[in-house]
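Descriptive structure summary
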Amino acid sequence: MLNPAQITTVAVNAGAYKAQKNQFLSFMSAIPAGAFIAIAFVFYATTQTGAADVAWGMSKFVGGIVFSLGIIMVIVCGNELFTSSTMTILARVENKISTYQMLKNWAAVYSGNFIGSLFIVALVWFGGQTMAANGQWGLVILNTAQHKIHHTWVEAFSLGIFCNIMVCIAVWMAYAGKTLTDKTLAAILPISMFVASGFEHCVANMFMIPMGILTAHYSSPEFWQSLGINAAQYADLDMAHFIVKNLIPVTLGNIVGGAVCIALMQWYLNREHH
């Protein structure tokens, strides 16, 4: 494996490469990454469906393990994910890129991730997946999405920091690996940890909460009848709650967790001291 100083060099160079290339390519690369994370959340929702009689921690553990598929796909395919793109700050502190280049890359990747997430929302919706298990699958989406918009701002921000500490340590450790196997294995537990514990990932939420909004407002009467619940109890799932109560504080927390707690801290400890 690469040693900590070598990993730091890889991270700096990766950030410089991402921010210096044509940002339309970063935007396009971010679309599959957003889709991969959304696909992982689809897998998570499937494992949580009908799991009411399973111990909470165990069902969440299984959900976390399967969700790691998303980050593995991103790492192996080399796509750009906003949460790990926060580490391009290292190329900035080493003056390989400008602040403008860094922020332009973040914006390109963030918007591409959003589009990729919404593409999977559309496939799930038009595929009728929310009706799976007599609508129980859709109920997992509704409850997960609604839970996410009921954090306080400080909670959402803190959970965003915690989440991206885990995502970026997964990517950082994957940088150390030299084979598909070790890159993959390094990522599984950190990702499982953040998902199982319910931390907040802005790109994952770009899938889950819009999916919840669609399900809450456009599902058929049969969907609600099969569940025996009233659609009104999910009326607060809307774009305003999504953006203000979740996406903004979570994104800011993700930036702090990735850029400061992992990237800058590891860089400070491991860079070549001149």
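Rules behind the numbers
Residues numbered from 1 in each chain as written. Predicted model: local features only at pLDDT ≥ 70, side-chain atom pairs only at ≥ 80, totals over all residues. Heavy atoms only, no water. Helix = DSSP H or I, 4+ residues; strand = E, 2+ residues; numbered from the N terminus. Rg over C-alpha atoms; globule rule 2.2 N^0.38 Å. Buried < 20%, exposed > 50% of the residue type's maximum accessible area, 1.4 Å probe, protein only. Contact = heavy atoms within 4.5 Å. Areas by Shrake-Rupley, 256 points an atom, 1.4 Å probe, with all protein chains shown as cover. Lys, Arg positive; Asp, Glu negative; His and termini not counted. Charge placed at Lys NZ, Arg CZ, Asp CG, Glu CD. Phe/Tyr/Trp six-rings, centres within 6.5 Å; stacked < 30°, edge-to-face > 60°. Lys NZ or Arg CZ within 6 Å of the ring centre and 35° of its normal. Core = buried A, V, L, I, M, F, W, Y, C linked by side-chain atoms within 4.5 Å. Salt bridge = Lys/Arg side-chain N within 4 Å of Asp/Glu carboxyl O. Axes fitted to C-alpha atoms, helices over the stretch in contact; angles between N-to-C directions. Parallel < 35°, antiparallel > 145°, perpendicular 65-115°, else oblique. Left-handed = near helix turned anticlockwise from the far one by under 90°. Nonpolar A, V, L, I, M, F, W, Y, C, P; charged D, E, K, R; others polar. Expected span 1.5 Å × (residues − 1). Bend = angle between axes of the 7 residues up to and from the residue. Polar contact = N/O pair within 3.5 Å; in protein donor to acceptor, adjacent residues only side chain to side chain.

Considerations on the overall build of the protein
Secondary structure assignment for the protein yields 12 helices and zero strands. Whereas a compact globule of 274 residues would reach a radius of gyration of roughly 19 Å, the protein reaches 19 Å, a difference of no more than 12%. Summarising its shape, the C-alpha atoms of the protein cover approximately 65 × 35 × 35 Å along the three principal directions. Looking at the protein residue by residue over its 274 residues, the buried ones come to 53%. In the protein, once contacts between residues fewer than 6 apart in sequence are set aside, the share between residues at least 24 apart is 85%. Here the protein displays about 11900 Å² of accessible surface, and carbon together with sulfur accounts for 69% of that area. Taking the average location of the 11 positive side-chain charges in the protein and that of its 10 negative ones, the two points are 14 Å from each other.

A look at the environment of Val62
One can find Val62 in helix α3 (residues 56–77). With 14 residues separating them along the chain, Val62 and Gln48 place their C-alpha atoms 8.5 Å apart.

Some thoughts on the packing of aromatic side chains
Summed over all chains, the structure comprises 12 aromatic pairs. The structure contains a cluster of three or more aromatic residues connected by ring pairs, namely Phe41, Tyr44, Phe67, Phe194 and Phe207. When the ring centre of Trp267 is taken as reference, the NZ or CZ atom of Arg271 above it lies at 4.6 Å.

Considerations on the nonpolar core
Ranked by size, the top nonpolar core spans 82 residues in total, and within it Phe67, Phe194, Phe207 and Leu237 carry the most contacts. Filtering out sequence-adjacent residues up to four positions away, Phe67 remains in contact with Ile37, Ala40, Phe41, Tyr44, Ile191, Phe194, Val195 and Ala204.

Observations regarding the pattern of salt bridges
On inspection of all chains with the given rule, the structure shows two salt bridges. Between Glu80 and Lys21 there is a salt bridge, with its nearest N and O atoms 2.9 Å apart. You can see Glu80 sitting in the loop between α3 and α4 (82–85) and its partner Lys21 sitting in the loop between α1 (4–20) and α2 (23–48), a full 59 residues away along the chain. A salt bridge links Lys148 to Glu200; the nearest nitrogen and oxygen atoms lie 3.2 Å apart. With a gap of 52 residues between them, Lys148 in helix α7 (residues 136–148) and Glu200 in the loop between α9 (180–197) and α10 (202–218) connect regions that are remote in the sequence. Accessibility assignment for this pair places Lys148 and Glu200 in one class, buried.

A few points about the packing of helix α6 (residues 99–126) against helix α12 (residues 239–270)
Running from amino to carboxyl end, α6 crosses α12 at an angle of 135°, the nearest separation of the two axes being 14 Å. Of the possible angle classes, the one that applies to α6 and α12 is oblique. In this structure, α6 crosses over α12, and the sense of that crossing is right-handed. Across the interface between the two elements, Trp106, Tyr110 and Phe114 of α6 pack against Phe242, Leu247, Thr251 and Ile255 of α12. Grouping the constituent residues of the contact of α6 with α12 by class yields six nonpolar, one polar and no charged.

Focus: the environment of Gly78
By the element assignment, Gly78 lies in the loop between α3 and α4. Exposure remark for Gly78: the relative accessible area of 51% places this residue in the exposed category. Residues Gly78 and Trp172, 94 residues apart in the sequence, show an inter-C-alpha distance of 14 Å.

A word on α6
A rise of 1.5 Å per residue sets the reference length of α6, with its 28 residues, at 40 Å; its end C-alpha atoms lie 41 Å apart and thus fit the reference within 8%. Just downstream of α6, Gly128 is the residue with a positive phi angle, here 70°.

Overview of the side chain of Ser84
In this fold, Ser84 is placed in helix α4. Non-local contacts of Ser84, meaning those with residues more than four positions away in its chain, are made with Cys168 and Val171.

Topic: the environment of Phe27
Considering the arrangement of structural elements, one finds Phe27 in helix α2. Taking the C-alpha atoms as reference, Phe27 lies 19 Å from Val121; in sequence the two are 94 residues apart. Dropping the residues within four chain positions of it, Phe27 is found in contact with Ala108, Ser111, Gly112 and Ile115.

Some points on α12
At Leu247, α12 shows its strongest bend, of approximately 35°, with the proline Pro249 following within four residues. Two to three positions downstream of the cap, the backbone nitrogen of Ala240 sits 3.2 Å from a side-chain oxygen, assigning the N-cap of α12 to Asp238.

Concerning unusual backbone geometry
In this model, Asn95 sits at a positive phi of 60°, which is unusual for a non-glycine residue. Structurally, Asn95 can be placed in the loop between α5 (89–93) and α6. The residue Ala133 is not glycine, and still its phi comes out positive at about 55°. Tracing the sequence through the fold places Ala133 in the loop between α6 and α7.

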